[in-house]
Every structure is written in C-alpha cells, then in structure tokens.
Amino acid sequence: MGMFEQNKEGIKQDILTLSTMVDKAAPGYTRRPFTKWYAESREWLKKEMENCGLDVHIDAASNLVGRREGTNPDLSPIMIGSHTDSVVGGGRFDGVIGVVAGIEIVRQLNEQNIQLAHPLLVVDFTAEEASEFGISTIGSRGMVGDLTEEDLGRKDADGCTLREALEFAGGRPEKIEREALKAGDLSLYLELHIEQGPVLEQNEKVLGVVTGIVGIQRYEVIVEGQANHAGTTPMNMRYDALTAAAALVLKLEEISNLSYAEQVVGTVGRLSVKPNGPNIVPGRVVFEFEIRSLDKDVFVQMMERFEKEMERIQQQRGVSITTNQLSHSDPVVVEEEVLTGIEKSCQPLGATMFLPSGAGHDGMQIAEVAPVGMIFVPSQDGKSHCPEEWTDYGQVAKGIQALGNTLLHFDQELSSKRRTGRRKEPSGLS
Ligand SMILES: [Zn+2]
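Parameters at a glance
Residues numbered from 1 in each chain as written. Predicted model: local features only at pLDDT ≥ 70, side-chain atom pairs only at ≥ 80, totals over all residues. Helix = DSSP H or I, 4+ residues; strand = E, 2+ residues; numbered from the N terminus. Rg over C-alpha atoms; globule rule 2.2 N^0.38 Å. Buried ≥ 20, exposed ≤ 12 C-beta atoms within 10 Å, placed from the backbone. Contact = placed C-beta atoms within 7 Å. Arc of directions from axis to C-beta. Axes fitted to C-alpha atoms, helices over the stretch in contact; angles between N-to-C directions. Parallel < 35°, antiparallel > 145°, perpendicular 65-115°, else oblique. Nonpolar A, V, L, I, M, F, W, Y, C, P; charged D, E, K, R; others polar. Pairing = 2+ DSSP bridges. Left-handed = near helix turned anticlockwise from the far one by under 90°. Core = buried A, V, L, I, M, F, W, Y, C linked by C-beta atoms within 7 Å. Domains from an automatic or database assignment. Expected span 1.5 Å × (residues − 1). Right-handed = clockwise from strand over helix to strand, strands pointing away.

### A word on the overall build of the protein chain
Argument step 1. Helix and strand counts for the protein chain come out as 13 helices and 15 strands.
Argument step 2. A globule of 430 residues ought to have a C-alpha radius of gyration of about 22 Å, and the protein chain, at 24 Å, matches this closely.
Argument step 3. Dimensions of the protein chain along its principal axes, counting C-alpha atoms only, are 85 × 45 × 40 Å.
Argument step 4. A total of 430 residues make up the protein chain; the buried ones form 47% of that total.
Argument step 5. Restricting the contact set of the protein chain to residue pairs at least 6 apart, pairs at least 24 apart contribute 79%.

This is the structure:
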C-alpha cells in the first residue's frame, strides 16, 4: 500500500493559479459563484481533472464532478470535495485547498499506480458560501435533492433566479430531483478544509479530526416598551425596551458560558432600536441571536433558561417580550469509526487533535446520504474570510497527505466490510 507524499511545491502552484482567477475590482480574493471569474476557475479545474485522467461532468445542480473508476463494480463511490467560491474580500485557502486536494490525490494515485476498489469522485461544489440568493451550500443541497422549487425561484438583487444561475453554470435544475443521491449511493464523503479558527494553532497541532459540524438556531427577539421623552419621564416611570434588551443580551452571554455536555457559543449580532433618537426612551427593540452546538439537547436546555430570564425581565421591567425562531440546522456528528480511521491516518504525520467545526460546510448536506469525515489544517491567527487568511503550503500538503491516507484506509476497510449500502442513522453519539 502506497503512502502519500507531501507535494508542497505542486500545491502551492495550484493555489497560486486559482488566486489569480478573481474579481480584481473587489477586495481581497473575491470569486463569487456564477461570475466570469468562477467560470474561468472552473474551466481550469476541469482541465486539471482531465489531465489526471478523471472523467469530468457537470451534474444537475452544476457541481463539477470528476470520476475515477474503481476495481469493484459493487461498491458505491467515495467522494472528496469542497468549494472554490469565496466570500467578498475572502482569502486563497477556504474551500480551494479541499478541491485541489482531491486532484492532487488522484495525481499521486496515478503516479504510484494505485487502483482503488471504490470509484472515486472529486467534486467542486457550487456556491458553498452564503449567496446572493439567501442560501448557502447550494451545490451540495442540490446533489442530495434538497433544493426546493421555492429555493430555485429565489432571486438575487438583479432579479436573476437561482434556477437561471444554475443553468448559467451548466446545471440542469429540472433534473436535480431525479439525479439526487440517496442513502447508499456514496460510501463515504471526505473533505479537507482550513480550520477558520485559532484552536489548532493555539494547541500547537498540525491536523484536526473534525468531530462534527455544529447545528445553528437563530431567533428574533422583540422587546416592546414605551417610547417617551427622555427629559420628562422619571426613571421609575419608564418602560425602556433597550435596557430590557440589554439585560437579556447579557443573560444570553451568561447562559452560553455555563457548562454543557457539548461546547456552545451564543451571539447577538444584530440589534435595532426604535425610535432611535438621542432624547427618546427606546420604545421597541428587535435583536437577533444565534446559538451553535454539536448537541441538540443543549439547545433545549439553553432555551429553557433563556425563556425563564425573558419571563423575569418582562415582569421586572414592565415590557413585553416575544421570540420567533428564524432558522435552525441540525448538528452533524461524525461517526465513531470514521473518526478513528481519520485519526489513525493523521497521527503518523504530526500532532493531531479532535475538534468540532463551528462553521457550516458542504458535508452537512452530504451527511443526509452518507457518512462524512473532515480534516482541518491550521489557520494562521485563526483568520478566515479575509485576504490575510493563511495556511503554510507545507501544512496544506500535510493535510492532503492525511486525506490521501484516510482514503486508502477506508477504501480497504469499507470494501472488506462491504458496508456500502448502510443507511446513516442518527448515531447514539449525540
Ligand atoms: Zn469553506
């Protein structure tokens, strides 16, 4: 069994090449989906995939997919992927390294004459980042049939529908449902990504085994008090919506700092005050908060506490408080044997640790139909989604080596077990 090499120079070239295919009028390294820069980078990726012998096509949801045949026709493919779209003012590594990793792994398999038992798919998912259509992970949603008619009808600021955008990128939206992957159609999904946080660096680790992708719950809180004159209304006769909201914001921080079965983060990132005048007691405040965790039960525990505080503040301050849930996504927990296999493949290469992903990824969608696993490499100073985003090329190369070894491990493990059609059930791990 061959081992993967660290091809630092080759990887550097790939990343640098892609970093030139960006909107130069926009800040940082900006490559928004459905733009000419995106089309240009896709064209380059397609050629690279073909150069290493992959059979390339664009699927119904406009994902770029390269396929390498396996030796056992009974096995469902193993898929490696990520995305090459960026946020406005983004960096050179987020997403890009995961797609480049797939191609580099195929190059090395070819050089070493390694035939996998499983077919291998290398995917560049369309539009992973939050898009102009108000949703993210568009391509991976489409791949598992999770783009509704309503989603396809969403419009960007220019009035272009998502359906039209997917067609522009080579997709066939009318076939998304029919071509959607189902449980058993994939044996495993693997992704290499930058951490986008400071944890690996601060712990002096070079590789991270991702234990899961956190679920996110978002709420809107409406605090109704009474607007009044800031000079003539005595302090004991006010129903100040902002001071009540401020008390709640601090309570959310306190609740998020308590200890739970899994780590949580809670944030109020948006707040609006009405009438918002310097000489008016605020009459109405609307704020939005989100909580993230790997454990669904933690959400329930947090919200019970938050609602108690809401009740208390409402009575104490004579305001009325209501909440609406804006959105929720379930956490994805990586299966125990996937974690073990990835860890075994990472350990010999350098200091490795387990950590959850606080950011969303395409794997969240693919987890609907297959087990998923992710490897993180360190982000310098924990920075991402900015031009300073940086991971040393040597560390990227090491991540690719770890991903390649993980692929070899599971190619063997899964073909000997023939667990190919196993439906992924919510495991007892959560
Ligand atoms: Zn990403």
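What follows continues from the structure just given.
### Observations concerning helix α11 (residues 336–346)
Since the α-helix advances by 3.6 residues per turn, residues separated by three or four positions end up pointing in the same direction.
Argument step 1. What α11 keeps buried is the set Val338, Gly341, Ile342, Ser345 and Cys346. Angular distribution of buried residues about the axis of α11 spans 130°; they occupy a single face of the element.
Argument step 2. Residues of α11 that are buried make contact with β6 (207–213), β14 (352–357), β15 (372–377) and α13 (393–417).

### Some details on the packing of helix α1 (residues 8–20) against α13
Each packed pair of helices is defined by two parameters, the angle between the axes and the distance between the axes.
Argument step 1. α13 packs onto α1 with a crossing angle of 105° between their chain directions and a minimal axis gap of 9 Å. In terms of their interaxial angle, α1 and α13 are classed as roughly perpendicular. In contact with Lys8, Ile11 and Lys12 of α1, α13 contributes Tyr393, Gly394, Val396, Ala397 and Ile400.
Argument step 2. For the contact of α1 with α13, the per-class residue count stands at 5 nonpolar, 1 polar and 2 charged.

### Description of the sheet that holds strand β9 (residues 264–274)
Argument step 1. An order of β9-β11-β7-β12 is seen for the 4 strands of this open sheet, with the pairing classed as antiparallel. Every other strand in the sheet has two partners, leaving β9 and β12 (320–329) as the edge strands with one partner each. Averaged over all pairs of adjacent strands, the angle between strand axes in this sheet comes to 15°, irrespective of strand direction.
Argument step 2. Note that strand β7 (residues 215–224) and strand β11 (residues 284–293) share 10 bridges and pair antiparallel. For Gly215, the partnering residue across the bridge sits in β11 and is Ser293.
Argument step 3. Contacting β7, β9 and β11, helix α9 (residues 241–257) runs over the sheet at an angle of about 170° to β9.

### A closer look at the packing of α11 against α13
Argument step 1. At a minimum axis separation of 8 Å, α11 and α13 run at an interaxial angle of 130°. One finds that α11 runs oblique with respect to α13. Helix-helix and strand crossings are classified by hand; for α11 and α13 the assignment is right-handed. Taken together, the residues of α13 that come into contact with α11 (itself represented by Gly341, Ile342, Lys344, Ser345 and Cys346) are Ala402, Asn405, Thr406, His409, Phe410 and Glu413.
Argument step 2. Grouping the constituent residues of the contact of α11 with α13 by class yields 4 nonpolar, 5 polar and 2 charged.

### Here we look at the nonpolar core
Argument step 1. Membership of the largest hydrophobic core comes to 85 residues, with the highest contact counts inside it found for Val122, Ile375 and Leu403.
Argument step 2. What Ile375 contacts, discounting residues up to four positions off in sequence, is Leu192, Leu207, Gly208, Val209, Val210, Ile342, Cys346, Gly399, Ala402 and Leu403.
Argument step 3. Counting residues in each nonpolar core, the second largest holds 23 residues, with Ala241, Val264, Ile313 and Val319 among its members.

### Describing the domain arrangement of the protein chain
Argument step 1. Under the domain assignment used here, the protein chain contains domain 1 (8–213 + 331–417) and domain 2 (215–329).
Argument step 2. Taken together, the residues that form the side of domain 1 that touches domain 2 break down as 4 nonpolar, 3 polar and no charged.

### Some words on unusual backbone geometry
Argument step 1. Cis geometry marks the peptide bond from Lys274 to Pro275, where omega comes out at 0°.
Argument step 2. Here Pro275 shows up in the loop between β9 and β10 (280–281).

### Observations concerning α1
Argument step 1. Under the 1.5 Å per step criterion, the end-to-end length of α1 is 19 Å for 13 residues, consistent within 8% with the ideal 18 Å.
Argument step 2. Tucked inside the fold, the buried residues of α1 contact α2 (36–51), α3 (96–111) and α13.

### Describing the pairing of strand β4 (residues 120–125)
Argument step 1. β4 sits mainly inside the fold: 6 of its 6 residues count as buried.
Argument step 2. Side chains Leu120, Val122 and Asp124 of β4 all project onto a buried face; the interleaved residues Leu121, Val123 and Phe125 project onto the opposite face, where all are buried too.
Argument step 3. Sheet topology places strand β2 (residues 64–68) next to β4; 5 bridges connect them, and they run antiparallel. Counted as the bridge partner of Gly66 is Val122 from β4.
Argument step 4. Examined bridge by bridge, strand β3 (residues 78–83) and β4 share 6 bridges and lie parallel to one another. Within β4, the position partnered with Ile80 by the bridge is Val122.
Argument step 5. On the question of chirality, the crossover connecting β3 to the parallel β4 by way of α3 is right-handed.

### Section: the environment of Gly139
Argument step 1. Relative to the elements of secondary structure, Gly139 occurs in helix α4 (residues 138–143).
Argument step 2. Residue Gly139 is classed as buried on the basis of its 28 C-beta neighbours within 10 Å.
Argument step 3. Put simply, Gly139 and His83 are 56 residues apart on the chain and 9.1 Å apart in space, counted from C-alpha to C-alpha.
Argument step 4. Excluding residues within four positions of it along the chain, Gly139 makes contact with Ala61, Ser62, Asn63, Phe125, Thr126 and Ala127.

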